[in-house]
Amino acid sequence: MPFFIISRILSTLTVVFGVVTLIFLLIHLVPGDPVQAMLGETATPTDLEALRKALGLDQPLLTQWWNYMTNLLQGDLGTSLYSKEPIIDILIERFPATLELAAAGLLVAILIALPLGSIAALRKDSIYDNSAMMFSLLGVSIPNFWLGPLLILLFSLTLGWFPVSGRENLLSLVLPAITLGTALSAILARMIRSTLLEVLNEDYIRTARAKGLRESAVVIHHALRNASLPIITILGLQLGTLLGGAVITEIIFAWPGIGQMTIESIQRRDYPVVQACILLISLSYVLVNTFTDILYGWLDPRVRYSV
Amino acid sequence: MFKYQIVIPSFILILWLFVAILGDFLPLEPNYIILSNILQPPSFSEWLGYDDLGRPILDRLILGARTSFFVALWVILVSSTIGVLIGTVSAWLGGYVDLIIVRIMDVFLAFPGILLAIALSGILGPGIENVVFALSVVGWVGFARLARAQTLSLKHREHVIAAIALGASTPRILRHHVIPLLMSPLLIEATFGIAGIVIAEAGLSFLGLGVQPPTASWGSMIRDGTGYMLVAPHTVLAPGLALLLVVLSVNMLGDKLRDKMDVKSR
């Protein structure tokens, strides 16, 4: 197990190294002069030079990269061009809101997918199964930037049950969480159904039934427990969709998280903040995946011995 | 039951293709502003009503179909070509080249969902070319991973070994003996890819990072409509339904295609 964990962490480190490098290079993709783009047409040459120096853009690319890496390791992400705040403070202020939204979205996804997928598997080819799979197809096909406004129209503007936007109380979390979690719930329900269908054909399920166990005990203790492994992997992989979707969801509901900050900073051409936001979301995703891998190896010894 | 699941989505996709290609020849006035028609609901003379600037929504919907169709087409072409090339070569050469390419693919896969595309088009600025570029940068990895995995197993098949023994050159072997056998899994990847790209293009346009006005995109139409939802819900419903129908049809046909070709789902 220690060897497995170390090998996972090492491969994560190389990925992190690549991700940071790629994000560092982003600012060099700005068409024309990035400094000019950030300051706008009215900037004086003195201003341009000052910012170029402050961002280190006057130095050779390799030196810039080295500085970016070393500053990052010291927790220094630079300052925002717009608010003049240290970027790390902005991230610390904004990140909890995104985490809260992602956690709520995940909860919604599991709450919908678990019963939907399990019953679909248990009643295979029934009307229930067919409609659950139709829901699943609809769920992956409906864009969250359309679902969100529709939910607002129905539940906020017409019925007045939930606030239209913002982050005041638990009620304001409901619609964003549904918007974010629906796509994942659809994917998850499908996965749960197909994994359960495989497991339900195993010998130990027949044994459990032959012992005279209640059907609920067979399903919960014998089938779902064994089906949980592939489901955890899928969940880890799909968290990326959730985090990416959070950016759009935050914009729809004016949710004050990292995603909203990303888009606002793009509009203000505050590129250092854009880089930092993208970095934070990607690194969270990489960390979750590594954690899922390790968890999987811990739950299933076959995985860790094959490395 | 079975038949409807193929006929209806096929009909919707053919309509999408038809409208996208012939849109230029139809007498449309997508940018014609009539102030007295602002937010007018659907009527017999104008089936889908007017938007917040008094432009006919049906005409803009057709223009939006064009945008999403051509973005999807280009992104699939560019990302599958690059991805298949990199994936097959990587698997064929093996060794350090393969190791490095796999690491690079891992880095691209480390960006969650649409995030890298948002970052790229945010930095490059709006415009249809930048959308195609951003989505291709995100899209090639899926094709490369698939092509690599398939090539790794094809590499040891008898017909490939026979071709090597006959002295065929590597490009010839890849072109005639490996890539043709990759086609059916790639076709399925491409089908689901189209659904993802159509949503992603609309998503970028929804965020204001996609095509520039006055070019219409279903995504920017939804965004423009959200401000008037209570008084004119048709401005949000029409583009959203169009988007949903296309994506749903692609996904339904993709499912059928996967069942038919019996490729194990990844």
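Worth saying up front: this structure is predicted, and the values here are computed from it rather than measured. (Residues numbered from 1 in each chain as written. Chains lettered and ligands numbered in written order. Predicted model: local features only at pLDDT ≥ 70, side-chain atom pairs only at ≥ 80, totals over all residues. Heavy atoms only, no water.)

(A) Here's a closer look at the overall build of chain B. The number of helices and strands found in chain B is 9 helices and 0 strands. Overall size of chain B, expressed as C-alpha extent along the three principal axes, is 75 × 45 × 30 Å. Of the contacts formed within chain B by residues at least 6 apart in sequence, a portion of 72% connects residues at least 24 apart. About 12,800 Å² of surface is accessible on chain B, with carbon and sulfur atoms providing 69% of the total. If you average the places of the 17 positive and of the 16 negative side-chain charges in chain B, the two averages end up 13 Å apart. (Helix = DSSP H or I, 4+ residues; strand = E, 2+ residues; numbered from the N terminus. Contact = heavy atoms within 4.5 Å. Areas by Shrake-Rupley, 256 points an atom, 1.4 Å probe, with all protein chains shown as cover. Lys, Arg positive; Asp, Glu negative; His and termini not counted. Charge placed at Lys NZ, Arg CZ, Asp CG, Glu CD.)

(B) Representation of the domain arrangement of chain A within the structure. All names here are of chain A. In terms of domains, chain A is made up of domain 1 (2-73) and domain 2 (99-305). Averaged C-alpha coordinates put domain 1 and domain 2 at centres separated by 33 Å. Around 1,500 Å² of area is buried between domain 1 and domain 2 when both sides are counted, 80% of it from carbon and sulfur atoms. Together, F4, I23 and M38 form the three largest contributors to the area buried by domain 1 at its contact with domain 2, with a combined 35%. Counting every contact that joins domain 1 to domain 2 gives 1 salt bridge. For D293, the salt bridge is made with R8, and the minimal N-O distance between the two is 2.6 Å. Listing elements by their share of the side of domain 1 that touches domain 2, those giving two or more residues are α1 (2-26), α2 (34-39) and α4 (61-73). Here the side of domain 1 that touches domain 2 gets 10 residues from one element, more than from any other, and that element is α1. (Domains from an automatic or database assignment. Buried area = accessible area lost by both parts, 1.4 Å probe. Salt bridge = Lys/Arg side-chain N within 4 Å of Asp/Glu carboxyl O.)

(C) Representation of helix α2 (residues 57-93) of chain B within the structure. For α2(B), spanning 37 residues, the distance from its first C-alpha to its last is 53 Å, which sits close to the expected 54 Å at 1.5 Å a residue. One or two residues past the end of α2(B) sits G94(B), with phi positive at roughly 65 degrees. (Expected span 1.5 Å × (residues − 1).)

(D) Highlighting the interface of chain B and chain A. At the junction of the two partners, chain B supplies 41 residues and chain A supplies 41 residues. Regarding the contact of chain B and chain A, the summed buried area is about 3,700 Å², with carbon and sulfur atoms giving 84% of it. Looking only at chain B, the three residues that lose the most surface to chain A are L115(B), I123(B) and M229(B), adding up to 17% of its buried area. The closest approach of N and O atoms between D255(B) and R190(A), which form a salt bridge, is 2.6 Å.

(E) Seen up close, the nonpolar core. Grouped together as the largest cluster of nonpolar side chains are 134 residues, with contacts concentrated most on I118(B), L135(B) and W218(B). The biggest single contributor to this core is helix α7 (residues 170-206) of chain B, with 13 residues. Per-domain counts for this core show at least three residues from each of domain 1 (2-73) and domain 2 (99-305) of chain A. Once residues lying within four places of it in the same chain are set aside, the contact partners of I118(B) are V247(A), I263(A), I266(A), L204(B), L207(B) and L209(B). (Core = buried A, V, L, I, M, F, W, Y, C linked by side-chain atoms within 4.5 Å. Buried < 20%, exposed > 50% of the residue type's maximum accessible area, 1.4 Å probe, protein only.)

(F) Just the side chain of S79(B), in detail. Residues and elements named next belong to chain B. Looking at where S79 falls in the secondary structure, it is placed in helix α2. Reaching out from S79, the side chain makes a polar contact with the backbone oxygen of V75 at a distance of 2.5 Å. When residues no more than four places from it in sequence are discounted, the contact partners of S79 are S136, G139, W140 and F143. (Polar contact = N/O pair within 3.5 Å; in protein donor to acceptor, adjacent residues only side chain to side chain.)

(G) Geometry of the pattern of salt bridges. If you walk through the whole model with that rule in mind, you get 13 salt bridges over all chains. The salt bridge involving E264(A) is made with R94(A); its shortest N-O contact spans 3.7 Å. In this pair, E264(A) sits in helix α11 (residues 258-267) while R94(A) sits in helix α5 (residues 87-122), placing the two residues 170 residues apart along the sequence. In this structure R94(A) comes out as buried when scored by relative accessible area, which is 14%. Between R258(B) and D255(B) there is a salt bridge; the shortest N-O distance is 3.3 Å. Here D255(B) and R258(B) lie together in helix α9 (residues 234-261), a separation of 3 residues that amounts to about one turn. Overlapping salt bridges bring together R94(A), E264(A) and R268(A) as one network.

(H) Here's a closer look at the packing of aromatic side chains. What the rule picks out here adds up to 8 aromatic pairs over all chains. Relative to Y68(A), the ring of F24(A) lies with its centre 5.6 Å away and its plane at 45 degrees, an arrangement referred to as tilted. In this pair, F24(A) is assigned in helix α1 and Y68(A) in helix α4, connecting sequence segments 44 residues apart. Using a relative accessible area of 18% as the deciding quantity, one classes Y68(A) as buried. Between F108(B) and W140(B), the aromatic rings sit 5.3 Å apart at their centres with planes inclined by 75 degrees, giving edge-to-face as the arrangement. Of the two residues, F108(B) sits in helix α3 (residues 95-109) while W140(B) sits in helix α5 (residues 128-154), which places them 32 residues apart along the sequence. (Phe/Tyr/Trp six-rings, centres within 6.5 Å; stacked < 30°, edge-to-face > 60°.)

(I) Looking closely at a nonpolar patch on the surface. Residues and elements named next belong to chain A. Judged by side-chain polarity, I6, I9, L10 and L13 come together as a nonpolar surface patch covering roughly 390 Å² of accessible area. Within the secondary structure, L10 sits in helix α1. Take L10: its relative accessible area is 52%, and that puts it in the exposed class. (Patch = residues over 30% accessible without salt bridge, like charges linked within 9 Å, V, L, I, M, F, W, Y side chains within 5 Å.)

(J) Representation of unusual backbone geometry. For the bond running from P213(B) to P214(B), omega is 5 degrees, close enough to zero to count as cis. Along the chain, P214(B) falls in the loop between α7 and α8 (218-226). Although it is not a glycine, R269(A) sits at a positive phi angle of roughly 55 degrees. Positionally, R269(A) belongs in the loop between α11 and α12 (271-299). Judged by its relative accessible area of 41%, R269(A) is partly exposed.

(K) Region of interest: the confidence of the model for chain A. Averaged over every residue, the pLDDT of chain A is 86; the share at 70 or more is 98%. Ranking the helices and strands of chain A by mean pLDDT puts α11(A) first, with 92, and helix α13 (residues 301-305) of chain A last, with 70. (pLDDT = per-residue confidence, 0-100.)

(L) Summary view of the packing of α2(B) against α5(B). Residues and elements named next belong to chain B. Axis separation between α2 and α5 bottoms out at 5 Å; the angle between their running directions is 35 degrees. Every pair of crossing elements has a handedness; the one defined by α2 and α5 is right-handed. Residue classes in the contact of α2 with α5 are distributed as 19 nonpolar, 10 polar and 1 charged. (Axes fitted to C-alpha atoms, helices over the stretch in contact; angles between N-to-C directions. Left-handed = near helix turned anticlockwise from the far one by under 90°. Nonpolar A, V, L, I, M, F, W, Y, C, P; charged D, E, K, R; others polar.)

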